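# Analysis of the macromolecular model
Read off the chains here:
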Amino acid sequence: MPTTYENYIDGEWRDSTSGETFQVRNPADTDEVVARFQKSRRVDVLEAIDVACDAQEDWAETPAPERGAILKRAGIALDRRRDEATETLVREEGKTQSEASGEVGRAIDIFHYYAEKARDLGGIEKSPSNRNAELTTRREPLGTVGIITPWNYPIAIPAWKLAPALVTGNTVVHKPASEAPGVSRILFECLEEAGLPDGVGNMVTGSGSEVGAPLSDHGSIDALSFTGSTAVGTEVARTSATDLKRVQCEMGGKNPTIVMPSADISEATEIVGVGAFGTTGQSCTACSRAIVHEDVYEEFLDSIIKYTTNLTVAGGLEDPDMGPHVSESELTSTLEYVEIGRKEGATLETGGSELTGESYADGHFVEPTVFSGVTTDMRLAQEEIFGPVLSVMCVDSFEEAISVANNVDYGLSASITTQDLSEAHEFVDTIEAGVAKVNEKTTGLELHVPFGGYKNSSTNTYREQGDAGLDFFTSTKTVYMNY
Ligand code: NAD
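A quick note: this is a predicted structure, and the numbers were derived from the prediction, not measured.

Okay, the site of the ligand next. As a matter of local geometry, the ligand sits amid 26 residues, with T149, S229, M251, C284 and E384 nearest to it. At 2.9 Å, a side-chain N or O of W151 approaches an oxygen atom of the ligand. Between the ligand and the protein, one listed contact pairs an oxygen atom with a backbone N or O atom of G228 at 3.3 Å. Taking 850 Å² as the accessible area of the ligand by itself, protein coverage stands at 86%. Listed by contribution, the elements that provide at least two residues to the shell around the ligand are α7 (208-217), β10 (223-227) and α8 (230-241). Here the shell around the ligand gets three residues from one element, more than from any other, and that element is α7. In terms of residue class, the shell around the ligand is made up of 15 nonpolar, eight polar and three charged. Two domains each provide a minimum of three residues to the shell around the ligand, namely domain 1 (7-251 + 458-482) and domain 2 (255-438).

Right, let's get into the packing of helix α9 (residues 265-277) against helix α10 (residues 297-309). Following both chains from N to C, one finds α9 and α10 inclined at 50°, their axes separated by 9 Å at the closest point. Considering the angle they form, α9 stands oblique to α10. Once α9 is placed against α10, the crossing between them reads as right-handed. Note on element contacts: α10 touches α9 through E299, F300, S303, I304, Y307 and T308, opposite I265, A268, T269, E270, V272, G273, V274 and F277. Grouping the constituent residues of the contact of α9 with α10 by class yields eight nonpolar, four polar and two charged.

You can see E432 is positioned in the loop between α14 (421-430) and β19 (435-438). With residues up to four places along the chain from it excluded, the contact list for E432 reads N406, Y410, G411, Y454 and K455.

Let us look at the packing of aromatic side chains. Under the counting rule described, the total for this entry stands at 10 aromatic pairs. When the centroid spacing of 4.9 Å and the interplanar angle of 80° are considered together, the rings of Y113 and Y114 count as edge-to-face. Among the residues examined, Y113 registers a relative accessible area of 19% and is labelled buried. Between K95 and the ring centre of Y153, over which it is positioned, the NZ or CZ distance is 3.7 Å. Sitting over the face of the ring of Y5, R185 holds its NZ or CZ atom 3.7 Å from the ring centroid.

This part covers the packing of helix α2 (residues 64-80) against helix α5 (residues 156-167). When two helices pack together, their arrangement is given by the angle between the helix axes and the distance between those axes. Direction vectors running N to C along α2 and α5 enclose 150°, while the axes themselves pass 9 Å from each other. Comparing their axes, α5 and α2 come out roughly antiparallel. The segment α2 lies against α5, with R67, G68 and L71 engaging A163, L166 and V167. Partitioned by chemical class, the residues of the contact of α2 with α5 number four nonpolar, one polar and one charged.

Rules of the game
- Residues numbered from 1 in each chain as written.
- Predicted model: local features only at pLDDT ≥ 70, side-chain atom pairs only at ≥ 80, totals over all residues.
- Heavy atoms only, no water.
- Near = heavy atom within 4 Å.
- Polar contact = N/O pair within 3.5 Å; in protein donor to acceptor, adjacent residues only side chain to side chain.
- Areas by Shrake-Rupley, 256 points an atom, 1.4 Å probe, with all protein chains shown as cover.
- Helix = DSSP H or I, 4+ residues; strand = E, 2+ residues; numbered from the N terminus.
- Nonpolar A, V, L, I, M, F, W, Y, C, P; charged D, E, K, R; others polar.
- Domains from an automatic or database assignment.
- Axes fitted to C-alpha atoms, helices over the stretch in contact; angles between N-to-C directions.
- Parallel < 35°, antiparallel > 145°, perpendicular 65-115°, else oblique.
- Left-handed = near helix turned anticlockwise from the far one by under 90°.
- Contact = heavy atoms within 4.5 Å.
- Phe/Tyr/Trp six-rings, centres within 6.5 Å; stacked < 30°, edge-to-face > 60°.
- Buried < 20%, exposed > 50% of the residue type's maximum accessible area, 1.4 Å probe, protein only.
- Lys NZ or Arg CZ within 6 Å of the ring centre and 35° of its normal.

Here is the structure:
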């Protein structure tokens, strides 16, 4: 019998007022119900917002190092539960064991990082124009903030929003994605164990329309940090703007890796392959387009096809190279894009089909897929697929490579493989992306550097992670002190 988990509101685990629950199934074996969660209603979120607002003043007055100490204890608690959190993540989201364990480790590191930041939240001192005066700034919390997260990094993303929000003195209402809420639940259990005061951190599960929407339309929410699709994020940003709340939306991508003639092709293959097929292509920073110079096009294409056909696909607990899609709808969407690619005239080099047969029968498995001959006018080259589908595109110059790379509505992450220093610098100068990498895969970013995108990949407001996380969750007060 699967466990039914509750919402966390005002320091208590509570049933939703609806009395209803929803189930999360294992994407590698849909016969397995991993757990059940509360199908909450708007009224549950309103209650969470109320208690978070009530708790805010006390929390803001708690010395920052004390807030940091709670985060540190929560990080230690999560470390103790590392294996359990990893297995939960594999079972509910479908990641491989290695990917899931890396992500849980990341969440632990984030808690420890912001725990240390608590001693150093900062503020600056400027030279005053008057004698006997001080001119300084300080950071103040925004108040009560909403945090809405997607299923694809269901523990790292909540952690990298929750930790800076809490450490800077905000109270939080968090809505996790319904596909994978179990690891957010573990985060809140760790915060509870660490002594987070009642009402400071709250988690409510349920649909986007019932539970997510109030966080953007409610006047008592002072800021909203959202990660998810561009379609939903655009709506969330629009709604949030009506009462001028601070908003940050991190959204989709269509990330390229450029392969130039000077590149080491086996290294370029690994960079593109890991970027495209890691996490089953379900990363916002996944490499979706390999833009390859004609001089090495055939060599690269052969190499990436070999790489792709050698990948093992299985349930995440077996720790293969690639796990299943998170859900049937994501699998269907990927298969639809394969059809679109075929109809558009791209060449399907390998993959493209749902995996069937005994070990795949009850899961959302798809073959890693490579298309060649993709051109910029194709939907394959323009739209976020969010599955293991790589489009290989041929260009005849560095200038064309940059132009093709930039010719999309997104601008999250981009990389180039080259041994030419001028190309490397010019790439960094001209690429329209929030993250630019030379001889690196498009996926992955360390936790202490800013993360966010250009164009439709992000609202053009704040970055996340590192000091940028503290910037988003604080207001600056400028202080004149004459004496
Ligand atoms: P999604 O937009 O469907 O959902 C994201 C979250 O928003 C979920 O919790 C969902 O329940 C909630 N939601 C849905 N409708 C809502 C509404 N009307 N109001 C408020 N909340 C609502 O995205 P997803 O399918 O969970 O995640 C995949 C997407 O996330 C991809 O597009 C991916 O690129 C993007 N993503 C971006 C980043 C980044 O940092 N840029 C990181 C990870 C994922």
